[in-house]
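Examination of the molecular architecture
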Amino acid sequence: MGLVHDIQGDGLGGIPHNAITAKVEDLVNWARSRSSWPASFGLACCAIEMMATGGAHYDISRFGMEVFRASPRQADIMIVAGRVSQKMAPVLRQVYDQMMEPKWVISMGVCASSGGMFNNYAIVQGVDQIVPVDVYAPGCPPTPETLIHAIETLHSKIESGELLKRRAATGAGAGLHVTEIERGAQPIPVILGSR
Amino acid sequence: MTDRAVEDVAVQDILSTIRGGNEPEQGLKPRSELTARELLREVGAVLRMSEAEAAKLGDLPLDPADDQTMIINMGPQHPSTHGVLRLMLELQGETVLRCKPIIGYLHTGMEKQGENLTYMQGGTNVTRMDYLSPLNNELVFSMATEKLLGIDGDIPERAVWMRMLLSELNRMSSHLLFMATNGMDLGAVGMMIYGWREREQVLRFFQKVTGLRMNHNFIRPGGVAADLPAGWRDDVLHLLEMIPPRLEEYDTLMTGQPIWRDRLQGVGVITQAEAIALGATGPILRSTGLEWDLRRDQPYLHYDEMEFDVIVGTYGDAFDRYAIRLNEIRESIRIVHQILDRMPGGDYRIQNKKVTPPPRARIDESMEALIHHFKIFTEGFKVPEGEVYVAIESPRGEIGCYIVSDGSATPYRLHVRAPSFVNIQCLPHMMRGGLVADAVAVISSVDPVLGEVDR
Amino acid sequence: MSETAEPEVVAPAPPMLHGVPLSDSHGQRVLHPTRAAYLKLVRTLLDETYTMCADLTAVDYLTFPGRALPAGVVAERFEVVVNLLSIERRERIRLRVQVPPDDATIATLFDLYPGSEAMEREVFDMFGISFTDHPDLTRILMPEDWEGHPLRKDYDQGRIPVQFSTDFAAKERAQ
């Protein structure tokens, strides 16, 4: 690679024009999909497989996701890994509300997707009753390959912009309109975004 | 109702659960609400002293004013709490005065569910309790069922040795995970990668044998579900050759290192009498110097024929517990070598038509075999009336299974004595008087698994 | 049917230990104290080197009232089961105490075994059996505003029926 003498001929001329005139939205979606940080929400056995996915053999660092942010404010994806009990459900919702838009949810494992083998009083039968889910990953627990497949599915949807377009069109991911909450002792969940 | 009204109602429901879901009654009460007697009772009971004696201990300010202390909440979602454990700490400055663990965030109703599952299906339920050593859960459940059936003396030799092999490999993988999470909690983030690297190899062996990496449902009443695959010896030998040099690496990285020692030595101290009073078992009890290991003291399977040492600590602190688990991996390697030499041939499950389904190939040939298979997998086999408690040594301590049978095909009452459930009671005692920065080290050294705590 | 009176068969008195009926269950010793004798018996066993309370749980015998019990033990709906361990002697012993449903209270073992605190709370949460003088008798596994005691036999598992249909054409039409 030598000096560029003639920018039209050597430099910019060699680059297809599309690379410069692409939409910022595409660039933003490209960046978002390759650097989405998960919020650590490992609950049960699926959390172990999620950690194994972060390990050296499966390595989600390849996809830019090895930093599990402890603070939901800094996270993009919430991977609900494990069974959600009745006592945990409000906590789940609170953590989801604290995340900043744009945010996505992967429901990992059958317990998170539908209650799994625990069809009883103690387990919420699917976290989609509490938070809007974008990708469901089945398995008990899903192997790291399945989780990576789910993550890559989500990434391709983020990159194509489909998920955010849908939310912009319909108004909200879960269709929740939050009404004014009276002053009380409980903190008010802050939801930024187009709702 | 319009869509919007429906959504508003749905949101109000969710918000009302959020408002109600803070469990103030189960949390730590501020000092102003507790009497002196209540405060002292907690301390006195563990130390087995009267309240008057506890008041004279003088190691902590007994009655700080309410505005000098701060109650903070840790969890249930927190990177360092090994699952959904919520801790409420009362701090004075950086010193922890009181601590209260609040559990139940992973309660799955497994004991209730177990009453509606047959004994063949029971393993799938029980295995998800302590999801880091699932084969041990299945083992204790199968042993309790076999005792009720009266066949516990007739399990074929190969099945018993296979159970031992899997149980010890599971102990290794669980302790490797402890190394990984303990390291990461204390800042040696690279340990997370190394621990998982070794564990991956063990899980691959499990996948070859049982079909699954975790939650296998492989050890069933009557034996095990399938025979060892061809070439298993080479796989196990590969594991046994790979892991010891890596354990030396961990020794270099952690054991002798001054930062590691400073962070763990003298942290989370518990004495022998206190540990016994609190019901702690496993590495916690052994770190106080007491040589109690159910494999040695109330042997099951063929552990009485195995040569291995029971590792004990001296000071009862977190460093001892770390060192015990590291060396228990080495002892498990020793045991697995002996199992490799002595694994017999034969059946992998008892030839008792009541509990063992016929081989799959026979189902195509014989109507009786088909009916037999069908009956076992749908109705289940009936277990005679009775009640039994069987306990084995899991990586976390004594895991026990108490089954009451009413003569039907499902347990009448299934209760699992989870070691972590009892070990968590040590946390307030270990954290008392320590710094809040050591709280994470203490939790990590207790190594709880919330799946079995909450069941 | 014969009209002659049958001779009365008196069951032999069960073996006793510390004044409490003793039975054997698959090679394990089981004691059956009454609620009144319970705490004193546990203190005696504690002095006799049973220093660890391995497990404390309960069973609801609502749908299995006819279980085998030694003679002289009055069966009630609930049973509190305590497993004690003697490290010195390497022995275990079990206690089964009958607890009636209308007065579901029993003494706490907290002062003898602090490790029983969480186990007794779990029994309270799951069965509704209260432990007198327990330092903190609140729910431990369920949310604190939960109604009902899940492990009782008259509490349903809470299974949601799942209806599977492979008639995809009908589902298409229905949408």
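Everything quoted here is computed from the prediction, not taken from an experiment.

Thoughts on the overall build of chain A
For chain A, the count of helices and strands is seven helices and four strands. In chain A, buried positions account for 44% of the 195 residues. Excluding contacts between residues fewer than 6 apart, the proportion of contacts in chain A whose partners are at least 24 apart in sequence is 77%.

Describing the overall build of chain C
From N to C terminus, chain C includes three helices and eight strands. When the helices and strands of chain C are placed in sequence order, the string is β-β-β-α-β-β-β-β-α-β-α. Taking all 175 residues of chain C together, 37% fall into the buried category. A separation threshold of at least 6 residues defines the contact pool for chain C, and within that pool the share at least 24 residues apart is 54%.

Re the interface of chain C and chain B
Taken together, the 37 residues of chain C in the interface contact 45 residues of chain B. Elements with a contribution of two residues or more to the side of chain C that touches chain B: strand 4 (52–60), strand 5 (78–86) and helix 2 (116–127) of chain C. With six residues, strand 4 of chain C is the single largest residue contributor to the side of chain C that touches chain B.

Quick look at the interface of chain A and chain C
With six residues of chain A in contact, the opposing surface of chain C contributes seven residues. Here the residues of the side of chain A that touches chain C sort into one nonpolar, four polar and one charged.

Examining the confidence of the model for chain A
Residue and element names in this part refer to chain A. Here chain A averages 76 in pLDDT, while 71% of its residues score no lower than 70. Averaged pLDDT values for the elements of chain A fall to 54 in helix 1 (residues 7–11) and rise to 91 in strand 2 (residues 77–81). Of the regions scoring below 50 in pLDDT, residues 171–185 engages in 22 contacts with residues more than four places distant in sequence or in other chains. Overall, residues 190–195 carries pLDDT values under 50, and its contacts beyond four positions in sequence, including any with other chains, amount to 11 contacts.

Overview of the packing of helix 2 (residues 24–34) of chain A against helix 6 (residues 144–160) of chain A
Residue and element names in this part refer to chain A. Their axes nearest at 7 Å, the elements helix 2 and helix 6 cross at an angle of 165°. By the angle between their directions, the pair helix 2 and helix 6 is classed as roughly antiparallel. When the axes of helix 2 and helix 6 are compared, the crossing they make is right-handed. For the pair formed by helix 2 and helix 6, the contact residues are N29, W30, R32 and S33 on the first element and H155, I158 and E159 on the second. Residue composition of the contact of helix 2 with helix 6, grouped by class: two nonpolar, three polar and two charged.

Some remarks on the nonpolar core
Formed by 208 residues in total, the largest nonpolar core has its most connected members in M78(A), V80(A), L92(A) and I106(A). The biggest single contributor to this core is helix 7 (residues 157–186) of chain B, with 14 residues. With sequence-adjacent residues up to four places away left out, M78(A) is seen in contact with A39(A), F41(A), V95(A), Y96(A), M99(A), K103(A) and V105(A).

Some points on unusual backbone geometry
Trans peptide bonds make up the majority, and among non-glycine residues the majority have a negative phi. The omega torsion across C140(A) and P141(A) is -10°, close enough to zero to call that bond cis. Within the secondary structure, P141(A) sits in the loop between strand 4 (135–137) and helix 6. Positioned with a positive phi, N217(B) is a non-glycine residue whose angle comes to about 50°. Take N217(B): it is sitting in the loop between helix 8 (190–210) and strand 4 (219–220). One non-glycine residue, L301(B), lies in positive phi territory at about 45°. Relative to the helices and strands, L301(B) is located in the loop between helix 13 (294–297) and helix 14 (318–342).

Side note on helix 3 (residues 45–54) of chain A
Within helix 3 of chain A, 10 of the 10 residues are buried, which leaves the element mostly enclosed by the surrounding structure. Within helix 3 of chain A, burial applies to C45(A), C46(A), A47(A), I48(A), E49(A), M50(A), M51(A), A52(A), T53(A) and G54(A). Where helix 3 of chain A is buried, its residues touch strand 2, strand 3 (104–108) and helix 6 of chain A together with helix 8 and helix 20 (450–454) of chain B.

A word on the pairing of strand 8 (residues 413–417) of chain B
Residues and elements named next belong to chain B. With five of its five residues buried, strand 8 lies for the most part within the structure. Two elements, strand 7 (residues 397–405) and strand 8, share five bridges in a ladder whose sense is antiparallel. What sits directly across from G400, in strand 8, is R417.

Thresholds applied
Residues numbered from 1 in each chain as written. Chains lettered and ligands numbered in written order. Predicted model: local features only at pLDDT ≥ 70, side-chain atom pairs only at ≥ 80, totals over all residues. Helix = DSSP H or I, 4+ residues; strand = E, 2+ residues; numbered from the N terminus. Buried ≥ 20, exposed ≤ 12 C-beta atoms within 10 Å, placed from the backbone. Contact = placed C-beta atoms within 7 Å. Nonpolar A, V, L, I, M, F, W, Y, C, P; charged D, E, K, R; others polar. pLDDT = per-residue confidence, 0-100. Axes fitted to C-alpha atoms, helices over the stretch in contact; angles between N-to-C directions. Parallel < 35°, antiparallel > 145°, perpendicular 65-115°, else oblique. Left-handed = near helix turned anticlockwise from the far one by under 90°. Core = buried A, V, L, I, M, F, W, Y, C linked by C-beta atoms within 7 Å. Pairing = 2+ DSSP bridges.

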